[in-house]
Amino acid sequence: MTHDPVPRVSDDLWIVMSTATAVRRYRSDPVSDQVLERCLLAASWAPSGANGQPWRFVVLESAELRSLITSASHRTWQVMKDFYKLPEVADGACDPKSRTLRTMAEHMQVGGDAPKLILFCVQPQRGTTELQQGGSIFPAVQNFLLAARAQGLGAAITLWQDSCAAELRELVGIPDDWKLATLLTVGWPKGQHREVRRRPLAEAAVIDRWDRQWGSGS
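Residues numbered from 1 in each chain as written. Predicted model: local features only at pLDDT ≥ 70, side-chain atom pairs only at ≥ 80, totals over all residues. Heavy atoms only, no water.

Looking at an unreviewed UniProt entry, one finds the protein chain named Nitroreductase, with Mycolicibacterium hippocampi as its source organism.

Draft legend 1. Just the sheet that holds strand 2 (residues 116-122), in detail. With antiparallel pairing, four strands are arranged side by side in an open sheet as 1-2-4-3. Among the strands making up the open sheet, the edge pair consists of strand 1 (55-59) and strand 3 (154-158). Going from strand to strand, the sheet's axes swing by 25° on average, the running direction of each strand aside. Of the strand pairs in this sheet, strand 3 and strand 4 (residues 179-187) are connected by five bridges, and their pairing is antiparallel. (Pairing = 2+ DSSP bridges. Helix = DSSP H or I, 4+ residues; strand = E, 2+ residues; numbered from the N terminus. Axes fitted to C-alpha atoms, helices over the stretch in contact; angles between N-to-C directions.)

Draft legend 2. Layout of helix 4 (residues 96-110). The end-to-end C-alpha separation of helix 4 is 21 Å, in line with the 21 Å expected for 15 residues at 1.5 Å each. Three or more residues of helix 4 are buried, namely S98, L101, M104, H107 and M108. Against helix 3 (63-84), strand 3 and strand 4 lie the buried residues of helix 4. With its phi angle positive at about 55°, G111 sits one or two positions after the end of helix 4. (Expected span 1.5 Å × (residues − 1). Buried < 20%, exposed > 50% of the residue type's maximum accessible area, 1.4 Å probe, protein only. Contact = heavy atoms within 4.5 Å.)

Draft legend 3. Geometry of the nonpolar core. By size, the foremost hydrophobic cluster in this structure holds 25 residues, and its most contacted members are F57, I118, F120, F144, L153 and L184. A total of six residues in this core trace back to one element, the largest contributor, which is helix 6 (residues 138-150). Aside from chain neighbours lying at most four places away, what touches L184 is K116, L117, I118, F120, V141, F144, L145, A156 and I157. Formed by 24 residues, the second largest nonpolar core is a distinct cluster that contains M108, W160, C164 and L183. (Core = buried A, V, L, I, M, F, W, Y, C linked by side-chain atoms within 4.5 Å.)

Draft legend 4. The arrangement of the environment of V141 in detail. With respect to the element layout, V141 can be found in helix 6. By relative accessible area, which is 1% here, V141 ends up buried. C-alpha of V141 to C-alpha of T182: the two residues are 41 residues apart in sequence and 8.5 Å apart in space. Once residues lying within four places of it in the same chain are set aside, the contact partners of V141 are F120, I157, T182 and L184.

Draft legend 5. The environment of E61, seen in detail. Summarising the element assignment, E61 is placed in the loop between strand 1 and helix 3. Between the alpha carbons of E61 and D113 there is a distance of 9.6 Å; along the sequence they are 52 residues apart. When residues no more than four places from it in sequence are discounted, the contact partners of E61 are R66 and K116. At a separation of 3.3 Å, a polar atom in the side chain of E61 contacts the side chain of K116. (Polar contact = N/O pair within 3.5 Å; in protein donor to acceptor, adjacent residues only side chain to side chain.)

Here it is, written out as structure tokens:
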């Protein structure tokens, strides 16, 4: 009995994928256009429905747009605190939950002052559902995130655009038939990249049946 050889995949690819966590704290160092362009180029290589490439990646740079995003991030944080009843973080608290809340608070307080802001937009294709439309933009988002990580950058997905959608449309000139998919904050991390924390694969992958876990041997 012969076995197909396991194809070689660059170790760098595995490292990038396994350490591409959401990064929400950035140094003030600028991100060059050359570095950003590589991320945008990677995004443009992503697959999309019928290869229609119904996307637009909007780099938000003006003071007016950044201020708009900051106001939106502050509103979003307040809504989250109220909805989830998030506690105030005690000074000096260093447990995992406190560190996470502190990082989230800093991220949303900085808001539009993050080094780079990228708005991903998608034009719905005829006859597609909301979920299917996402399939034509979020692969591009993931490509951008991986390219950012490969260059040492950090990035985080946000939904702040939902809190200022009308103003964004007007200021940027986004047509009515386009959807605002997500907004990324991007910059050089204050800390170190770390491995992602995920549930065991057996909880995510199954064979043939919902209750037949990958690797169960049954």
